[in-house]
Amino acid sequence: MTFVISVADGLGVSRKMGNKDYSVRQLMELEACTNCQACADICPAVSAAGSGELSALFRMKGLKEIVKGRSGFFHKIFGKRGLSEEEWEHFSDASFRCTLCGNCQEVCPVGIHLKDLWVSLRQDLVHSGFHPKKIDVIKENLEESWNVFGEDNEERAEWVEDMQNPPDDGYLRDKADLVYFTGCTAAFFPIAQKIPIALAEVMDASGVDFTLLGEEEWCCGFPMLGAGLMDLFREFREHNIQAVREKGAGKIVFACPSCYQMWHEHYRPAGIEIYHASQFLADLVRKGRVPLKELDMTVTYHDPCDLGRGARVYEDPREVIRSIPGIAFVELPRNREDCRCCGGGGNLEMVDAKLSAEIAKAKIDEILSTGAQAVVTSCQQCVRTMITYVRRNKISLEVLDITELIQKALNR
Ligand code: SF4
Ligand code: SF4
C-alpha cells in the first residue's frame, strides 16, 4: 500500500479557505499519527475495496498536505502550493468513501479522534467545492423537503395507516408524556417502516402514552454531519426542539441510533430525557410492562456503529433479547466496540452503492458463520442495508430490528 499525495508544483489549486473547519485539537492530532496502520487493517472500506487509499492513514497524510498547503509559512519556506484540482478530487472521492463507522478511532493507539476529524474534513471539502454531486442533492432535499430523501414531509406518519389496528388519531396527539421521533429512513422507506409499526404496537401493549410529530418532525441533522452540511443544522435543531416542547413531552425515544446520537450530543435540550428504543424497551421489560411469549429462535446481535462505538450502548439490547423466553443468543465473532460495520453509514450508499454492498457482504458472511436464524440490530439503516443484501442474494437469514423482535414475542 502506498499513502502518497503529491503536491503540485507551481500549478496547484490554492484553496485557501483557511483551516477553520478544524479545531486546534484536530490540527494538533494530525501531527500525532505514528503511521502504525492499525486503522487501515481494521477499516471495512479498505478490505471491501482492497485499496489503502480509503484508509484513515491515507486520509491523515492527505489532510496534512492540505492544511500545510494553506499556510503562508509553508508557502514561503517550502514553496508548497497546495493540491492540484485532480488531486483534490481524488482525495475527496476517497474521503467520502467511508462509512464513518468509527472503528479506526477505536483502535488508534494514540487516541486520535478520527471520526470527528472525518466529519470536519467533509465540511472542509464542501466549503472548498470538492464534494460528490450527491451531496448537492442531499442539500437540496433537506432545504426543500426537511428530509434527506426529498419526500413530501406531510407523509412522515403515513406508515400508521399500514398498521393492523391504527388509532383514529394516527398517534398525532396534542399533548403526550413521550414523543417518538421516527427519523427519515423509517418514515419513508417501506423496508424500514416495519420498525415504527413494531415500536408503536409494543408501546401500545405496554400502556405507554406517546405521540408522533408528523410533518413537524424534520431531519435530525445526522446526514448533514456525514455530508459536510452542518451550516444547515441550526434551523433543523431549533425547529425539532420547539416541536417536542409544544407536545409538553418530558421524554423522547428514537429507534434510529443516528437520531439518538444527534439529540444526545448536538441538541441536549434542557428538561427532556433522551432514550434509544433499546434502552426504553429494556426499562419496560425490567418493569414487567411488556407481555412476552416464548420464541424458539437462535439469534445473533449486530451493534450499530452509532449506538455501539458512538453512544456505548451495548448491554440494553442484549438484555432485551435475553428477556424473551425460548431465545438462544449467540455473539458475533466481532461484537461490541469491535463490531464490523454493515456498510450503511456515512451516506456511503448514496455515494458508492457498490462499496456499501461489498461491506454488507462481509457482514452477512460473518453473521452466517454463527449459524443464527436471525440477526437482530437496533438501527433502521442497518436493517435496510442488511435486508437489501440478503434479498438481492437470496440468502436465508431473517434481519430484524430489536423492536420487531419484541413485537414478534408480544403475547397479545
Ligand atoms: S470510519 Fe470506518 S470506514 Fe471510515 S476510515 Fe474509519 S474504519 Fe474506515
Ligand atoms: S491508527 Fe492512529 S496512529 Fe496509527 S496510522 Fe492510523 S491514525 Fe495514525
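Residues numbered from 1 in each chain as written. Chains lettered and ligands numbered in written order. Predicted model: local features only at pLDDT ≥ 70, side-chain atom pairs only at ≥ 80, totals over all residues. Heavy atoms only, no water.

**A look at the site of ligand 2**
Right, on to step 1. Around ligand 2, the structure places Cys33, Thr34, Asn35, Cys36, Gln37, Ala38, Cys39, Leu57, Cys108, Pro109, Val110 and Leu114.
Right, on to step 2. Residues that form the shell around ligand 2 fall into these classes: nine nonpolar, three polar and no charged. (Near = heavy atom within 4 Å. Nonpolar A, V, L, I, M, F, W, Y, C, P; charged D, E, K, R; others polar.)

**Here we look at the packing of helix α4 (residues 56-69) against helix α8 (residues 114-127)**
Right, on to step 1. Axis separation between α4 and α8 bottoms out at 12 Å; the angle between their running directions is 50 degrees. One element, α4, and the other, α8, form an angle in the oblique class. Along this stretch, α4 crosses α8, giving a crossing that reads as left-handed. Note on element contacts: α8 touches α4 through Leu114, Leu117, Trp118, Leu121 and Asp124, opposite Ala56, Arg59, Met60, Leu63 and Ile66. (Axes fitted to C-alpha atoms, helices over the stretch in contact; angles between N-to-C directions. Helix = DSSP H or I, 4+ residues; strand = E, 2+ residues; numbered from the N terminus. Parallel < 35°, antiparallel > 145°, perpendicular 65-115°, else oblique. Left-handed = near helix turned anticlockwise from the far one by under 90°. Contact = heavy atoms within 4.5 Å.)

**Comments concerning helix α18 (residues 353-368)**
Right, on to step 1. With 16 residues, α18 should reach 22 Å at 1.5 Å per residue; the first-to-last C-alpha distance of 22 Å fits that figure.
Right, on to step 2. Looking at α18, one finds that the buried residues are Leu355, Ser356, Ile359, Ala360, Lys363, Ile364, Glu366 and Ile367.
Right, on to step 3. Buried residues along α18 sit against α3 (44-49), β5 (298-301), α17 (348-351), β7 (374-377) and α19 (380-392). (Expected span 1.5 Å × (residues − 1). Buried < 20%, exposed > 50% of the residue type's maximum accessible area, 1.4 Å probe, protein only.)

**Quick look at the pairing of strand β8 (residues 398-401)**
Right, on to step 1. As defined by bridge partners, β7 adjoins β8 across four bridges and the pair is classed as parallel. Residue pairing across strands places Val375 opposite Val399, the latter belonging to β8. (Pairing = 2+ DSSP bridges.)

**Remarks on the sheet that holds strand β1 (residues 178-181)**
Right, on to step 1. With parallel pairing, four strands are arranged side by side in an open sheet as β2-β1-β3-β4. Pairing within the sheet leaves two strands with one partner each, and these edge strands are β2 (210-211) and β4 (273-276).
Right, on to step 2. Sheet analysis places strand β3 (residues 251-254) next to β4, joined by four bridges and oriented parallel. Across the sheet, Phe254 pairs through a bridge with His276, a residue of β4.
Right, on to step 3. Packed on one face of the sheet, helix α15 (residues 277-286) meets β1, β3 and β4 and runs near 95 degrees to β4.

**Description of the sheet that holds β7**
Right, on to step 1. Ordered in space as β6-β5-β7-β8, the four strands form an open sheet in which the pairing is parallel. With one partner strand each, in any of the chains shown, β6 (328-330) and β8 form the two edges of the open sheet. Across the sheet, the mean angle separating the axes of adjacent strands is 30 degrees when strand polarity is ignored.
Right, on to step 2. The pairing of β5 with β7 spans three bridges and is classified as parallel.

**Considering unusual backbone geometry**
Right, on to step 1. We note that Arg268 has phi near 45 degrees; this positive angle belongs to a residue other than glycine.
Right, on to step 2. Following the sequence through the fold, Arg268 ends up in the loop between α14 (257-267) and β4.
Right, on to step 3. In this structure, Arg336 takes a positive phi of about 50 degrees despite not being glycine.
Right, on to step 4. Position of Arg336 relative to the elements: it lies in the loop between β6 and α17.

**Some points on the site of ligand 1**
Right, on to step 1. In the vicinity of ligand 1, the contacting residues are Cys43, Pro44, Arg59, Cys98, Thr99, Leu100, Cys101, Gly102, Asn103, Cys104 and Trp118.
Right, on to step 2. When its residues are assigned to classes, the shell around ligand 1 shows seven nonpolar, three polar and one charged.

**Section: the confidence of the model for the protein chain**
Right, on to step 1. When pLDDT is averaged along the protein chain, the result is 92; 93% of the residues meet or exceed 70.
Right, on to step 2. Note on residues 1-16: pLDDT under 50 across the span, and 43 contacts to partners over four residues away in sequence or across chains. (pLDDT = per-residue confidence, 0-100.)

**Some words on a negative patch on the surface**
Right, on to step 1. Residues Glu151, Asp152, Glu154, Glu155, Glu158, Glu161, Asp162, Glu215, Glu216 and Glu246 make up a contiguous surface patch of negative charge.
Right, on to step 2. In this structure, Glu215 sits in the loop between β2 and α12 (222-227).
Right, on to step 3. Owing to a relative accessible area of 42%, Glu215 belongs among the partly exposed residues under this scheme. (Patch = residues over 30% accessible without salt bridge, like charges linked within 9 Å, V, L, I, M, F, W, Y side chains within 5 Å. Areas by Shrake-Rupley, 256 points an atom, 1.4 Å probe, with all protein chains shown as cover. Salt bridge = Lys/Arg side-chain N within 4 Å of Asp/Glu carboxyl O. Lys, Arg positive; Asp, Glu negative; His and termini not counted. Charge placed at Lys NZ, Arg CZ, Asp CG, Glu CD.)

**Describing the nonpolar core**
For soluble globular proteins, nonpolar side chains are generally found buried alongside one another.
Right, on to step 1. In terms of nonpolar packing, the biggest core is built from 126 residues, with Trp118 and Trp263 touching the most fellow members.
Right, on to step 2. The contact partners of Trp118, leaving out residues within four places of it in the chain, are Ala56, Arg59, Met60, Cys98, Leu100 and Cys104. (Core = buried A, V, L, I, M, F, W, Y, C linked by side-chain atoms within 4.5 Å.)

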